Amino acid sequence: MGTAQTSPLLPLTGFTVGVTAARRRDELVALLTRRGARVVEAPTLRILPLEDDLALRRATEQCLRAPLDYVVATTGVGWRGWMSAADGWGRGTELAAACREAVVLTRGPKATGAVRASGLDETWSPGTEATDELLTWLLARPLDGRRIAVQEHGIPLTDFAAALRERGAEVISVPVYRWAPPEDPAPVRRLVEQTARRELHALTFTSAPAITAFLATARADGLDGPVLEALRGEVLSVSVGPVCARPLVEAGVPVVWPDRGRLGSLVRTLTEVLPARSRQTLRVAGRELVLQGSALLVDGESYWLSPKGATLLRALAENPGWVLSRAELLRRAWADSDADEHAVEAAVARLRQSLGHHSDLVRTVPKRGYRLAGG
């Protein structure tokens, strides 16, 4: 029998949301589940630890060999990690002094907040949080012979550094934390498959490298076409901000993001947008039904359905009382498979089981198909 939840209905009841974040994943999952969502966790990348990071230490020592002219802070977590690591090596005071004598540029409010928390002040920060704007600002200045430290954020800023070097600058790339593939790639591959099959209602992204890794997994598995088609249609993409969203935007995928790049703001945006995309209210046999995501909300209870069951019920609910043939339901829910009409019969049986004591909502019309009750 179906399992009904008699607790108060929550705004994301019925929705399955994919979480690709590595850092602060537990916080994001908790925010979503408290609002009723089911969450599929699949970090597409992992952050390598800073402990004993020889590349970071060498870059720090290079920064301290001579005065710095410019320092670029690209992320809050990266800046804090750099300062913390330098403290651990006994060079924190020297590094702070070197940055204080330089012009400090920050990419967005998180980096700005971290710089200020370390006792420094930024000279300029772009309103768009775009690294390109930082580069444009720097290239408008004389750079020949200038020393510039660039705190990287997960991936090398190769083009950024090359453009500065072409103008004669000495660029010190500071790899504060680096991305690596997940130790277990299976969850990401499953997430890709679920996206291609439209078994998710939304995907959340908190970094551009995570998006790039997700799309690369889809491409490696030969599913990039179905995944992009799903992301351009039924599966909502939610990003923490426009910079993060860029790989999806460049792939022609519509993305929504909050005004403020915070996890709480991301979840609020998702909570506002997702139900508006997938919520249908109708009256059947004197009862008000709400189809939301993969759940049927009726009489103060919620019934979670399988993705196929939700698709079938949504098709029947488009015109309550109208009869849809097995062939039509097969076309609606199994367009990309070799299933036959027996699959429809089995799925309807499972749908009725999921509906518990409301199973009579789906009626069989002999030799014709199925309809909702009350029509």
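Only a predicted model underlies this, so the values are computations on that prediction, with no experimental measurement involved.

Brief notes about the sheet that holds strand S2 (residues 16–19)
Overall, parallel pairing links the five strands, which are arranged S3-S2-S9-S10-S11 in an open sheet. What marks the edges here is a single partner per strand, and that holds for strand S3 (38–41) and strand S11 (255–256). As judged from the two bridges shared by strand S10 (residues 236–239) and S11, these two strands associate in the parallel manner. Residue pairing across strands places Ser 237 opposite Val 255, the latter belonging to S11. The sheet strands contacting helix H8 (residues 186–196) are S2, S3 and strand S9 (202–205), and the helix crosses S3 at an angle near 130°.

With respect to the state of the cysteines
Formally, a disulfide is one covalent bond, and it connects the sulfur atom of one cysteine to the sulfur atom of another. Enumeration according to the criterion identifies zero disulfides in this entry. Considering cysteine sulfurs only, Cys 99 is the nearest to Cys 63, which forms no disulfide, with 7.1 Å between them.

Overview of the packing of helix H1 (residues 25–34) against helix H12 (residues 263–277)
Viewed as axis vectors pointing N to C, H1 and H12 meet at an angle of 35°, and their least axial separation amounts to 10 Å. Between H1 and H12 lies a crossing whose hand is right-handed. Counting all contacts with H1, which are made through Glu 27, Leu 28, Leu 31 and Leu 32, the residues of H12 involved are Leu 263, Gly 264, Leu 266, Val 267 and Leu 270. Split into classes, the residues belonging to the contact of H1 with H12 amount to seven nonpolar, one polar and one charged.

Side note on the sheet that holds strand S8 (residues 170–180)
Pairing in this open sheet of five strands is mixed, and the strands run S4-S8-S7-S5-S6 from one edge to the other. With one partner strand each, in any of the chains shown, strand S4 (46–47) and strand S6 (103–106) form the two edges of the open sheet. With three bridges joining them, strand S5 (residues 70–73) and strand S7 (residues 147–154) adopt parallel strand pairing. Note that in S7 the partner of Val 71 across the bridge is Ala 149. Running over the sheet, helix H3 (residues 76–88) touches S5, S7 and S8 and is turned about 105° from S8.

Concerning the pattern of salt bridges
Enumeration according to the criterion identifies 16 salt bridges in this entry. The salt bridge involving Arg 116 is made with Glu 122; its shortest N-O contact spans 2.5 Å. Residue Arg 331 pairs with Glu 328 through a salt bridge whose shortest N-O separation is 2.7 Å. Placement of both Arg 331 and Glu 328 in helix H14 (residues 326–333) is noted, with a separation of three residues, approximately one turn of the helix.

Focus on the side chain of Ser 265
With respect to the helices and strands, the residue Ser 265 is situated in helix H12. Under the relative-accessibility criterion, Ser 265 is labelled buried at 8%. Of the polar contacts made by the side chain of Ser 265, one reaches the side chain of Arg 268; its length is 3.1 Å. Not counting residues within four places of it along the chain, the set of residues in contact with Ser 265 comprises Pro 258 and Arg 260.

Here's the deal with helix H6 (residues 131–139)
Taken as a whole, H6 has its buried residues at Thr 131, Leu 134, Leu 135, Trp 137 and Leu 138. Down the axis of H6, the smallest arc covering the buried residues is 160°, so these residues share one side. Check the buried side of H6 and you find it contacts S5, S6, S7 and helix H7 (158–166).

Examining the domain arrangement of the protein
When the domains of the protein are assigned, the result is domain 1 (16–46 + 182–277), domain 2 (50–177) and domain 3 (305–372). For domain 2 versus domain 3, the distance between C-alpha centres works out to 58 Å.

Section: the side chain of Gln 292
Along the polypeptide, Gln 292 turns up in strand S13 (residues 287–292). The buried category is assigned to Gln 292, whose relative accessible area is 2%.

Rules behind the numbers
- Position numbers for residues start from 1 in each chain and track the written sequence from start to end.
- Where local features are concerned, this predicted model is filtered to residues with pLDDT of at least 70; where side-chain atom pairs are given and counted, the filter is 80 or more; whole-chain, interface and lining totals use all residues.
- With hydrogens and water stripped out, all remaining heavy atoms of the structure feed into the side-chain values.
- A pair of strands is considered paired only if DSSP assigns at least 2 bridges between the two.
- A run of H or I in DSSP counts as a helix once it spans at least four residues, and a run of E counts as a strand once it spans at least two, with each numbered from the N terminus.
- Between two residues, a contact is recorded if the distance between any of their heavy atoms is within 4.5 Å.
- Only C-alpha atoms enter the line fits that serve as axes; for helices the fit covers just the stretch in contact. Angles between N-to-C directions range over 0 to 180 degrees.
- Any cysteine sulfur atom paired with another within 2.5 Å is treated as part of a disulfide.
- Helix crossings fall into two classes, left-handed where the near helix is turned counterclockwise from the far one by less than a right angle and right-handed where it is turned clockwise.
- Here the nonpolar group is Ala, Val, Leu, Ile, Met, Phe, Trp, Tyr, Cys and Pro; Asp, Glu, Lys and Arg are the charged ones; every other residue, Gly included, is treated as polar.
- A pair is scored as a salt bridge if a Lys or Arg side-chain nitrogen falls within 4 Å of a carboxyl oxygen belonging to Asp or Glu.
- When a residue's accessible area, from a 1.4 Å probe over protein chains only, is under 20% of the maximum for its type it is buried; when over 50% it is exposed; and in between it is partly exposed.
- Counted as a polar contact is a pair of N or O atoms within 3.5 Å, where, for protein atoms, one must be capable of donating a hydrogen and the other of accepting one, and residues adjacent in sequence contribute only when both atoms are in side chains.
- Here the arc refers to the set of directions running from the helix axis out to each C-beta atom.
- For the domain bounds, the source is a domain assignment made automatically or taken from a database.

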